[in-house]
Amino acid sequence: MAEVVRVYEHSTYRDVYVVELEDGSTRLATKNLVPGKKVYDEWLFKLGDVEYREWNAYRSKLAAALLKGIKELSISSGSKVLYLGAGSGTTASHISDIVGLRGRIYAVEFAPRVMRELITVAESRKNIIPILADARFPQKYKHVAEPVEVIYADVAQPDQASLVLLNSKLFLKDGGYLYLAIKARSIDVTKEPDEIYRREIDTLKVGHFEILDVIHLDPFDKDHAMVYAKYFK
Ligand SMILES: C[S@@+](CC[C@H](N)C(=O)[O-])C[C@H]1O[C@@H](n2cnc3c(N)ncnc32)[C@H](O)[C@@H]1O
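The rules we used
- Residue numbers restart at each chain and count upward from 1, following the sequence in its written direction.
- At least 70 in pLDDT is required for a residue's local features to be given in this predicted model, at least 80 for side-chain atom pairs to be given and counted, and no such filter applies to totals for whole chains, interfaces and linings, which use all residues.
- Water and hydrogen atoms play no part in the side-chain values, which are based on all heavy atoms of the structure.
- Segments assigned H or I by DSSP are reported as helices when at least four residues long, segments assigned E as strands when at least two residues long, and all are numbered from the N terminus.
- The length a helix should cover is 1.5 Å for every residue beyond the first.
- When accessible area is computed with a 1.4 Å probe and restricted to protein chains, residues below 20% of their type maximum are described as buried, those above 50% as exposed, and intermediate ones as partly exposed.
- This arc is built from the directions going out from the helix axis to the C-beta atoms.
- One heavy atom within 4 Å of a molecule or strand is enough for the residue carrying it to be called near that molecule or strand.
- Any pair of N or O atoms that falls within 3.5 Å is considered a polar contact. Within protein, one atom must be able to donate a hydrogen and the other to accept it, and sequence-neighbouring residues count only if both atoms are side-chain atoms.
- Only Asp, Glu, Lys and Arg are considered charged, only Ala, Val, Leu, Ile, Met, Phe, Trp, Tyr, Cys and Pro nonpolar, and every remaining residue, Gly among them, polar.
- Each domain's extent was defined by an automatic or database domain assignment.
- Contacts: residue pairs with any heavy atoms within 4.5 Å of one another.
- Throughout, the accessible surface (probe 1.4 Å) given up by two parts as they are put together, summed over both, is called the buried area.
- Put simply, a salt bridge is a Lys or Arg side-chain nitrogen that is within 4 Å of an Asp or Glu carboxyl oxygen.
- In plain words, nonpolar cores are sets of buried Ala, Val, Leu, Ile, Met, Phe, Trp, Tyr and Cys residues tied together by side-chain atoms within 4.5 Å.
- Note on pairing: DSSP must find at least two bridges between two strands before they are called paired.
- Angles run from 0 to 180 degrees between N-to-C directions of axes, and those axes are lines fitted to C-alpha atoms, restricted for helices to the stretch in contact.
- Aromatic rings from Phe, Tyr and Trp, with only the six-membered ring used for Trp, were paired whenever their centres fell within 6.5 Å, and each pair was classed as stacked if the ring planes differed by under 30 degrees, edge-to-face if by over 60, and tilted otherwise.
- By definition here, charges over rings are those cases where NZ of Lys or CZ of Arg is within 6 Å of the ring centre and within 35 degrees of the ring normal.

**Side note on helix α3 (residues 112–124)**
One full turn of an α-helix is made of 3.6 residues, so residues set three or four places apart face in the same direction.
So, point 1. For α3, built from 13 residues, the straight-helix expectation of 18 Å at 1.5 Å per residue is met to within 8% by its first-to-last C-alpha distance of 19 Å.
So, point 2. Burial in α3 covers these residues: V114, M115, L118, V121 and A122. Taken around the axis of α3, the buried residues stretch over an arc of 115 degrees, which confines them to a single face. Exposed and oriented more than 90 degrees from the buried face of α3 are R113, R116 and E123.

Written as structure tokens, this is what we have:
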């Protein structure tokens, strides 16, 4: 990997960085909350005393949405986030870097094998609270999580929008934001949304969400779009 030339905060997204390398290329990155430690096979970059972790858009749909220019990143230092379908913690770890130790991520995942990996990540990242539960039944973790400013949902299930609504009612603050990764069949979802996709968005609208942006994640992820929406209770 080439030497780091400079690092600057992203012009649109707070607490997200752009690392410029000697060979002229750039990488999206977050400040590593746990210096020296990787979570997946990402690159670590050091400039002065600060370490940055490459945020790989082929591995994280949120990074892909940022590189594709989604309107805003409503997650920043101190944010509280409910993450549905946290998987082994790839994206959650970058959100953990962003929100820092004043923030919290309630990371819901129902597959025990994946949860074991998530717990390993959470052991060194004290702002991640792993919750082994089915996101279709949010009452079961009502006593563990608290009201949040953002829900990030990536469960890759057909009923994901209704699952988001159930969670929003319990946990999302009035005026809070949603990022929902939707599996879409059509290539240009903004021009020709397919049926599944439209249905998910309609469900969100009925459930008090205003759609602020829809971004197709191609070429980083050919099958998904990211919906960004605002919640009015
Ligand atoms: C696409 S993967 C998540 C990848 C992760 N968001 C990332 O970017 O690092 C979807 C995850 O959602 C989990 N999942 C699916 N349905 C769920 C449910 N009803 N409740 C909790 N987790 C669920 C799966 O086990 C899987 O780990």
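**A short note on the site of the ligand**
So, point 1. Close contacts around the ligand come from 17 residues, with Y83, T91, E109, A135 and D154 the closest.
So, point 2. Here a nitrogen atom of the ligand sits 2.6 Å away from a polar atom, N or O, in the side chain of Y83.
So, point 3. One of the side-chain N or O atoms of T91 is found 2.6 Å from an oxygen atom in the ligand.
So, point 4. Taken together, the residues that form the shell around the ligand break down as seven nonpolar, five polar and five charged.

**Details of the domain arrangement of the chain**
So, point 1. Domain assignment breaks the chain into domain 1 (4–56) and domain 2 (62–231).
So, point 2. Between the C-alpha centres of domain 1 and domain 2 the distance comes to 23 Å.
So, point 3. Tallying the contact residues gives 18 residues for domain 1 and 26 residues for domain 2.
So, point 4. Both faces combined, the contact of domain 1 with domain 2 buries some 1,700 Å², and carbon together with sulfur accounts for 66% of it.
So, point 5. Looking only at domain 1, the three residues that lose the most surface to domain 2 are Y13, L33 and W55, adding up to 41% of its buried area.
So, point 6. Applying the counting criterion to the domain 1 and domain 2 interface returns one salt bridge.
So, point 7. Linking R53 and D97 is a salt bridge whose minimum nitrogen-to-oxygen distance equals 2.6 Å.

**Examining helix α5 (residues 195–206)**
So, point 1. Between the first and last C-alpha of α5 there are 16 Å, a value that for twelve residues agrees with the 16 Å anticipated at 1.5 Å per step.
So, point 2. All of the buried residues along α5 are Y197, E200, I201 and L204. Buried residues of α5 fall within an arc of 95 degrees about the axis and therefore sit on the same side.
So, point 3. At its buried positions, α5 is contacted by α4 (160–171), β10 (172–183), β11 (209–216) and β12 (224–231).
So, point 4. Downstream of α5 by one or two residues, H208 has phi in the positive range, about 75 degrees.

**Overview of the nonpolar core**
So, point 1. Core analysis: the biggest nonpolar cluster contains 38 residues, and W55, I70, L73, I75, I95 and Y179 have the highest contact counts within it.
So, point 2. Listed by contribution, the elements that provide at least two residues to this core are α1 (61–67), β6 (80–84), α2 (90–99), β7 (104–109), α3, β9 (148–153), β10 and β12.
So, point 3. With five residues, α1 is the single largest residue contributor to this core.
So, point 4. Taken together, domain 1 (4–56) and domain 2 (62–231) each give at least three residues to this core, which thus spans both.

**Describing the sheet that holds strand β4 (residues 44–47)**
Sheet strands pair via backbone hydrogen bonds, and the direction of the pair is either parallel or antiparallel.
So, point 1. Taken together, five strands build an open sheet; the order of strands is β1-β2-β3-β5-β4 and the sheet is antiparallel. Both outer strands of the open sheet, β1 (4–9) and β4, are each paired with one neighbouring strand and no more. For this sheet, the mean inter-axis angle between neighbouring strands, taken without regard to orientation, is 40 degrees.
So, point 2. Pairing of β4 with strand β5 (residues 50–54) involves four bridges; the strand directions are antiparallel. Each residue of the ladder has a partner; that of L44, found in β5, is R53.

**A look at the packing of aromatic side chains**
So, point 1. Scanning the entire structure with this criterion turns up seven aromatic pairs.
So, point 2. A centroid spacing of 5.7 Å and a plane angle of 10 degrees characterise the contact between Y141 and F171, whose relative ring orientation is stacked. Taken together, the positions of Y141 in the loop between β8 (128–132) and β9 and F171 in helix α4 put the pair 30 residues apart, joining distant regions of the chain.
So, point 3. One aromatic cluster is present, built from ring pairs that chain together Y177, Y179 and Y228.
So, point 4. Across the ring face of W43, the terminal group of K38 is positioned such that the distance to the ring centre comes to 6.0 Å.
So, point 5. A cation over a ring is seen here: K140 above F137, with NZ or CZ 5.3 Å from the ring centre.

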